[in-house]
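One-letter residues, chain by chain:
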Amino acid sequence: MGEHDDLLKRHQPGMKYDSMEQYFADSAEEWTANPQNELRRADTGDARGEVLATGAQLALAFLGAKKYASGADVHDTDLIGNPRRNYREQYVALRRDRPDLRNRMYGHAVEEGGRLWLQYWFYYFYNDYNLALGIGLHEGDWEMVQLRMHDDQPDVAVYAQHRRAEQRPWAQVQKVPGDVNRPMVYVARGSHASYFQPGFHQTEAWYDLADGKRNAPRLTLEIIDDDTPPWVGWPGVWGDTPARVGGIDQPSPRGPAAHGSWRDPNSLLATAWQPERKAAVSAPVVTIARDAGRLRIDFDLSRQSGPPPSSLQVTVNSRDEVGVPPRTYTFGLIETAHGTLTTRIPLDPAKHYDVYASTTAGTPPIPSESVLTEVPPAGAKQGLQVGIGARVLQQTSRAVAWMRGEVARRRR
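Draft legend 1. Just the overall build of the chain, in detail. Counting secondary structure elements, the chain contains five helices and 27 strands. Expressed as a percentage of its 412 residues, the buried residues of the chain come to 52%. In the chain, once contacts between residues fewer than 6 apart in sequence are set aside, the share between residues at least 24 apart is 67%. Only carbon and sulfur atoms are counted for the fraction: they give 51% of the accessible area of the chain, which is about 18,600 Å².

Draft legend 2. Here's a closer look at helix α3 (residues 87–97). Regarding α3, the residues found buried are Tyr 87, Arg 88, Gln 90, Tyr 91, Val 92, Leu 94 and Arg 95. Packed against the buried residues of α3 are α2 (29–33), β6 (115–127), β7 (138–150) and β22 (327–332).

Draft legend 3. Fine view of the pairing of strand β1 (residues 14–17). Of the two faces of β1, the one lined by Gly 14 and Lys 16 and the one lined by Met 15 and Tyr 17 are each fully buried. Across four bridges, β1 lies against strand β11 (residues 179–187) in parallel orientation. Each bridged residue has a counterpart across the sheet, and for Met 15 the counterpart in β11 is Val 185. As defined by bridge partners, β1 adjoins strand β15 (residues 214–215) across two bridges and the pair is classed as antiparallel. Across the sheet, Tyr 17 pairs through a bridge with Arg 214, a residue of β15.

Draft legend 4. Representation of the pattern of salt bridges within the structure. A complete count under the given rule lists 22 salt bridges for this structure. Its salt-bridge partner being Glu 369, residue Lys 213 comes within 3.7 Å of it at the nearest N-O pair. With Lys 213 in the loop between β14 (207–210) and β15 and Glu 369 in the loop between β25 (366–367) and β26 (371–375), this residue pair connects regions lying 156 residues apart in the sequence. For Lys 213, a relative accessible area of 33% corresponds to the partly exposed category. By relative accessible area, which is 30% here, Glu 369 ends up partly exposed.

Draft legend 5. The arrangement of the sheet that holds strand β4 (residues 79–81) in detail. Strand order across the open sheet formed by four strands is β3-β2-β4-β17, with mixed pairing between neighbours. Sheet topology places β3 (51–54) and β17 (237–238) at the edges, where each strand pairs with a single neighbour. By the bridge criterion, two bridges tie β4 to β17 in an arrangement that is parallel. Along β17, the bridge assignment pairs Ile 80 with Trp 238.

Draft legend 6. Highlighting the nonpolar core. Membership of the largest hydrophobic core comes to 63 residues, with the highest contact counts inside it found for Met 15, Leu 39, Leu 63, Tyr 120, Trp 231 and Trp 238. Among the elements that take part in this core, β6 stands out by supplying ten residues, more than any other. Residues in contact with Leu 63, not counting those within four places in the same chain, are Thr 32, Leu 39, Tyr 68, Ile 80, Pro 230, Trp 231, Trp 234 and Trp 238. The next biggest cluster of nonpolar side chains, apart from the first, holds 20 residues, and it includes Leu 312, Val 316, Leu 347 and Val 355.

Draft legend 7. Region of interest: unusual backbone geometry. For the bond from Thr 228 to Pro 229, the omega torsion is -5 degrees, close enough to zero to count as cis. Tracing the chain through its elements places Pro 229 in the loop between β16 (220–223) and β17. We note that Asn 103 has phi near 55 degrees; this positive angle belongs to a residue other than glycine. The residue Asn 103 is located in the loop between α3 and β5 (104–112) in this model. Positive phi, close to 65 degrees, is recorded for His 192, a residue that is not glycine. Relative to the helices and strands, His 192 resides in the loop between β11 and β12 (194–195).

Draft legend 8. View of the sheet that holds strand β9 (residues 164–169). The strand order β9-β8-β7-β6-β5-β16 describes an open sheet built from six strands, whose pairing is mixed. Looking at which strands have only one partner, the edges of the open sheet turn out to be β9 and β16. Taking the axes of each pair of neighbouring strands and ignoring which way they run, one obtains an average angle of 25 degrees across the sheet. Sheet strands touched by α3: β6 and β7. Its angle to β6, the strand with the most contacts, is close to 115 degrees.

Draft legend 9. Representation of the packing of aromatic side chains in the model. In total, this model carries 18 aromatic pairs according to the counting rule given. Geometrically, the ring pair formed by Tyr 106 and Trp 142 is tilted, given 5.9 Å between the ring centres and 55 degrees between the ring planes. Linking Tyr 106 in strand β5 with Trp 142 in strand β7, this pair joins segments that are 36 residues apart in sequence. Across this residue pair, the class does not change: Tyr 106 and Trp 142 are buried. For the ring pair Trp 142 and Trp 238, a centre distance of 5.7 Å and an interplane angle of 80 degrees mean the geometry is edge-to-face. Of this pair, Trp 142 sits in strand β7 while Trp 238 is found in strand β17, placing the two residues 96 residues apart along the sequence. Take Trp 142: its relative accessible area is 5%, and that puts it in the buried class. For Trp 238, a relative accessible area of 1% translates into the label buried. Chaining the aromatic ring pairs together yields one cluster made of Tyr 23, Trp 31, Tyr 87, Tyr 91, Phe 125 and Tyr 126. The ring of Trp 170 has Lys 175 lying over it, and the distance from NZ or CZ to the ring centre is 4.5 Å.

What counts and what doesn't
- Residues numbered from 1 in each chain as written.
- Predicted model: local features only at pLDDT ≥ 70, side-chain atom pairs only at ≥ 80, totals over all residues.
- Heavy atoms only, no water.
- Helix = DSSP H or I, 4+ residues; strand = E, 2+ residues; numbered from the N terminus.
- Buried < 20%, exposed > 50% of the residue type's maximum accessible area, 1.4 Å probe, protein only.
- Contact = heavy atoms within 4.5 Å.
- Areas by Shrake-Rupley, 256 points an atom, 1.4 Å probe, with all protein chains shown as cover.
- Pairing = 2+ DSSP bridges.
- Salt bridge = Lys/Arg side-chain N within 4 Å of Asp/Glu carboxyl O.
- Core = buried A, V, L, I, M, F, W, Y, C linked by side-chain atoms within 4.5 Å.
- Axes fitted to C-alpha atoms, helices over the stretch in contact; angles between N-to-C directions.
- Phe/Tyr/Trp six-rings, centres within 6.5 Å; stacked < 30°, edge-to-face > 60°.
- Lys NZ or Arg CZ within 6 Å of the ring centre and 35° of its normal.

Written out as structure tokens, the structure reads:
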């Protein structure tokens, strides 16, 4: 047991995800356990790099700082890549078949400049930041928050956000309800950047949306150090996505120990800034219901502020499908303010679903707030909706029904 393990456990952060999130903080072993992935040397020109391990041979235990378990030398340009691109299907299979890999974070204590820092690292299978024209998508994702200690309590918290960070005095950090020792982290949709509060956050180049509407269980905390376990010191790249748009795009990352902040927490603190926060566009007015075993969406977007929406997104999740993450579907809208979408999204008649709906508008596309509809099993009362937009649509529907009734009565 390490000297600072008790502190790491005491101050373990809580997590709140965005309502439209599809990938969650899990064990880094997902990337080595994924049957499709390959550990290989970097490509040279048009020649693909030599494959060093794949399949059952590739595991976290195979990695090391200097040598692989096979005895081969480690190069800092080595990478673990995914030759296939069906990330969603692979991630669902891993979470379904390997429940031991779900919901994990890594704790690391480091002393620098006479101060103790507690760091918490989060691994994500895929960064699907799909809000800015596809820029920023990459395999593998490492994120981090850190707390600077003063005696037995933190005095400063620093949350990593893309190439920069945000800091707050400990007294101003939102805590996990019922536990004043544990900070709350709001995880941004797709990018997984960490924020102190929910909302729409301006970044260096684009923006993040972290509404905090999807709760997370308490994650398993695994405490790591410079060389324990050995994979922590592996200097290679977790993914094979290169940088494509200079200055605003990010490639697949290296692991925790390859970051400067691993040994020098003040280097991250030095990047701290105050991101601008803006009010998000209001949520769309929708009714979500079952229709012949599939999901139907009735929408009225005429009340939304801003430019006309160009797309409608729905994120579908079932609490009855343990381990299966939510899935987001996007529907293009061509100058259509209201209508009905009869989708091909299947709904099991025996299961509960929660469905969040949101829109995007403008260039680059800016997302709206989301609205929740809870869909019970077939035969139960349909469409329990949460949010102002849903209430407006319910009131509008009642008004339309009343007018139809009046017309029919007068015709009689």
